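Per-entry structural report
Listed below are the residues making up each chain.
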Amino acid sequence: MEGYCKMCPVCNGRGCRNQIPGPGAKGTGDTAIRNYDKWKEIRINMDTLTERREVCIGTELFGRKFSAPVFAGPVGAVNMHYGEKYNDLQYNQILVPACGEKGIAAFTGDGMDPQVMISAGQVIKSVQGCGVPTIKPWNKEMIDEKLRIAKESGAFAVAMDVDAAGLPFLKGFQPPAGSKSVAELKKIIADAEAPFIVKGIMTPQAALKAKEAGAAAIVVSNHGGRVLDQCPATAEVLGEICDAVAGEMKVLVDGGIRDGVDVFKALALGADGVLMARPFVNAVYLEGEEGVKKLVDRISAELADTMAMCGAYSLSEISRHMLYFPKN
């Protein structure tokens, strides 16, 4: 990744800041930094005066069982953003099967090159649909073509990262692409013919719009802090968004989540699961398939340990009172 990622000891957004192409942000990068910092500001209420039981971190999403509430986040154009070692096909050929072997699923990315989505669909099909193709908010004709690829892959769900509307290449795209109305999104979701996940939700109002459009799930996300400065961190808005949807749709979250303790915090705030992108990119570039498996094992072990130390032995037992919010 030399010349792309800064290879910082901690991936906190400070080193890459406004580096695009690359893992940084369109503006100053302050939102990406805030994403990381706000997870770390939340603390854990330890309680070991509980009956000791075996910890279970397994979960279910749209009828599929997973070993942990953790999913690899979508990444596209990896050779442009992270280094020339892999193209998107090679990256997905490592990531998607490795995640499947560890009992979780990977979201795959999208890009200007049509081959990005085509290759993602091929890999997801090879693992019996255990993946989530993520489509950018293109114009209708392009979305229709990418939905066709998603259907052929047999994917158990389809996603759209609507916050990608802020990416420079989409803002100037012709024919026009970007933000979608509720009516437009409703039509896209109906055409998908699969559980649909809307990624890029940052307010309760937007969550309710996604629900109105027929989304089965949302991802609380600001696109990794890459598309707009001065946004709140996902950790700051997650709780109120979960309260707003009141369990009527699945809620996932991403942005600055780096370890199993962060995952625990997200679940305690009400999320059903998390997406992690950069940690999986780093794992693939460092050690390929083995790196992905090691990452899943580490995150799972950290989550299970945190749960046990807080007296939560299943995901349903995790609650908001297990978090401590320091007073300023």
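Anything mentioned here points back to the structure above.
Residue positions are counted from 1 within each chain, in the order its sequence is given. Reporting in this predicted model follows two pLDDT cut-offs: at least 70 for local features of residues, and 80 or more for side-chain atom pairs to be given and counted; totals over whole chains, interfaces and linings ignore these cut-offs and use all residues. Side-chain measures were taken over the full set of non-hydrogen atoms in the model, leaving aside hydrogen atoms and water.

1. Some remarks on the overall build of the protein chain
Check the secondary structure of the protein chain and you find 11 helices and 12 strands. Projected onto its principal axes, the C-alpha coordinates of the protein chain cover approximately 60 × 45 × 40 Å. Contacts: residue pairs with any heavy atoms within 4.5 Å of one another. In the protein chain, the proportion of contacts linking residues at least 24 apart, taken out of those at least 6 apart, comes to 72%. For the area figures, the Shrake-Rupley method with a 1.4 Å probe applies, and any residue is considered shielded solely by the protein chains shown. Total accessible area computed for the protein chain in this model is approximately 14,000 Å², and 53% of it derives from carbon and sulfur atoms. Charged side chains in the protein chain number 37 positive and 39 negative. The centres of these two groups are separated by 2 Å. Helix and strand assignments follow DSSP, with helices taken as H or I runs no shorter than four residues and strands as E runs no shorter than two, numbered in order from the N terminus. We score Asp and Glu as negative and Lys and Arg as positive, and we do not count His or the chain ends. Just so you know, the charge point we use is NZ for Lys, CZ for Arg, CG for Asp and CD for Glu.

2. With respect to helix α3 (residues 88-101)
A helix is expected to reach a length of 1.5 Å times the quantity of its residues less one. End to end, α3 covers 20 Å across 14 residues, agreeing with the expected 20 Å (1.5 Å per residue, within 8%). Using a 1.4 Å probe on the protein chains alone, a residue whose accessible area is under 20% of its type maximum counts as buried, one over 50% counts as exposed, and one in between counts as partly exposed. Buried residues of α3: D88, Y91, N92, I94, L95, V96, A98 and C99, and no others. On its buried side, α3 packs onto β4 (70-72), α2 (78-81), β5 (106-108), α4 (114-126) and α11 (278-310). For α3, the N-terminal cap is N87; the gap from its side-chain oxygen to the backbone nitrogen of L89 is 3.1 Å. Once α3 finishes, G103 follows within two positions and takes phi at roughly 85°, a positive value. Polar contacts here mean pairs of N or O atoms no more than 3.5 Å apart (in protein, one a potential hydrogen donor and the other a potential acceptor; neighbouring residues in sequence count only if both atoms are side-chain atoms).

3. Remarks on the pairing of strand β6 (residues 131-135)
For β6, the tally of buried residues reaches five of five residues, placing the bulk of the element in the interior. The alternating pattern of β6 places G131, P133 and I135 on one face and V132 and T134 on the opposite face, and all of these are buried. Any two strands are treated as partners once DSSP identifies two or more bridges connecting them. Relative to β6, β5 is paired through three bridges, and the arrangement is parallel. Note on β6: the bridge partner recorded for T108 is P133. Handedness of a crossover is defined as follows: orient the strands so they point away from the viewer, and if the path from the first strand over the helix to the second runs clockwise, the crossover is right-handed. Handedness of the β5-α4-β6 crossover: right-handed. Taken together, the two bridges between β6 and strand β7 (residues 158-161) define a ladder with parallel strand orientation. Considered in β7, the bridge of I135 is made with M160. A crossover links β6 with its parallel partner β7, the connecting element being helix α5 (residues 140-153), and its sense is right-handed.

4. Observations concerning the pattern of salt bridges
Two side chains of opposite charge can pair, provided their charged atoms sit close to one another. What makes a salt bridge here is a side-chain nitrogen of Lys or Arg within 4 Å of a carboxyl oxygen of Asp or Glu, nothing more. All chains considered together, the criterion is met by 21 salt bridges. Its salt-bridge partner being D110, residue K146 comes within 2.9 Å of it at the nearest N-O pair. One end of the pair, K146, is in helix α5; the other, D110, is in the loop between β5 and α4, with 36 residues separating them in the sequence. In terms of burial, K146 and D110 fall into one category: buried. One salt bridge connects E287 with K294, and the closest N-O pair in it is separated by 2.8 Å. Taking relative accessible area as the criterion, E287 reaches 36% and is therefore assigned partly exposed. Through salt bridges that share partners, K40, D259 and D262 make up one connected network.

5. Looking at the side chain of K136
Tracing the chain through its elements places K136 in the loop between β6 and α5. A relative accessible area of 8% means that K136 is categorised as buried. When near neighbours in sequence (up to four residues on either side) are disregarded, K136 contacts D110, I143, M160, D161, A164, L167, F169, L170 and H223.

6. What about the nonpolar core?
In terms of nonpolar packing, the biggest core is built from 99 residues, with Y91, L238 and F280 touching the most fellow members. Not counting residues within four places of it along the chain, the set of residues in contact with F280 comprises F71, A72, Y91, L95, C99, I104, V292, L295 and V296. What is meant by a nonpolar core is a set of buried Ala, Val, Leu, Ile, Met, Phe, Trp, Tyr and Cys residues, joined one to another through side-chain atoms within 4.5 Å.

7. Some points on the environment of V227
Take V227: it is sitting in the loop between β9 (217-220) and α9 (234-245). What V227 contacts, discounting residues up to four positions off in sequence, is K26, D163, G166, L167 and N222.

8. Quick word on the packing of helix α1 (residues 30-41) against α9
At a closest axis distance of 8 Å, the pairing of α1 and α9 adopts a crossing angle of 65°. As judged from the angle between their axes, α1 and α9 are roughly perpendicular. Between α1, through R34, N35, K38 and W39, and α9, the contact on the second element is made entirely by T234, A235, E236 and L238. Residue composition of the contact of α1 with α9, by class: three nonpolar, two polar and three charged. A fitted line through C-alpha atoms represents every axis, and for helices the fit uses only the stretch in contact; the resulting angles, taken between N-to-C directions, go from 0 to 180 degrees. Between 65 and 115 degrees an angle is taken as roughly perpendicular, under 35 as roughly parallel, over 145 as roughly antiparallel, and anywhere else as oblique. Residue polarity follows a fixed list, in which Ala, Val, Leu, Ile, Met, Phe, Trp, Tyr, Cys and Pro are nonpolar, Asp, Glu, Lys and Arg are charged, and the others, Gly among them, are polar.

9. Digging into the environment of K140
Mapped onto the fold, K140 is located in helix α5. Using a relative accessible area of 46% as the deciding quantity, one classes K140 as partly exposed. With 83 residues separating them along the chain, K140 and H223 place their C-alpha atoms 22 Å apart.

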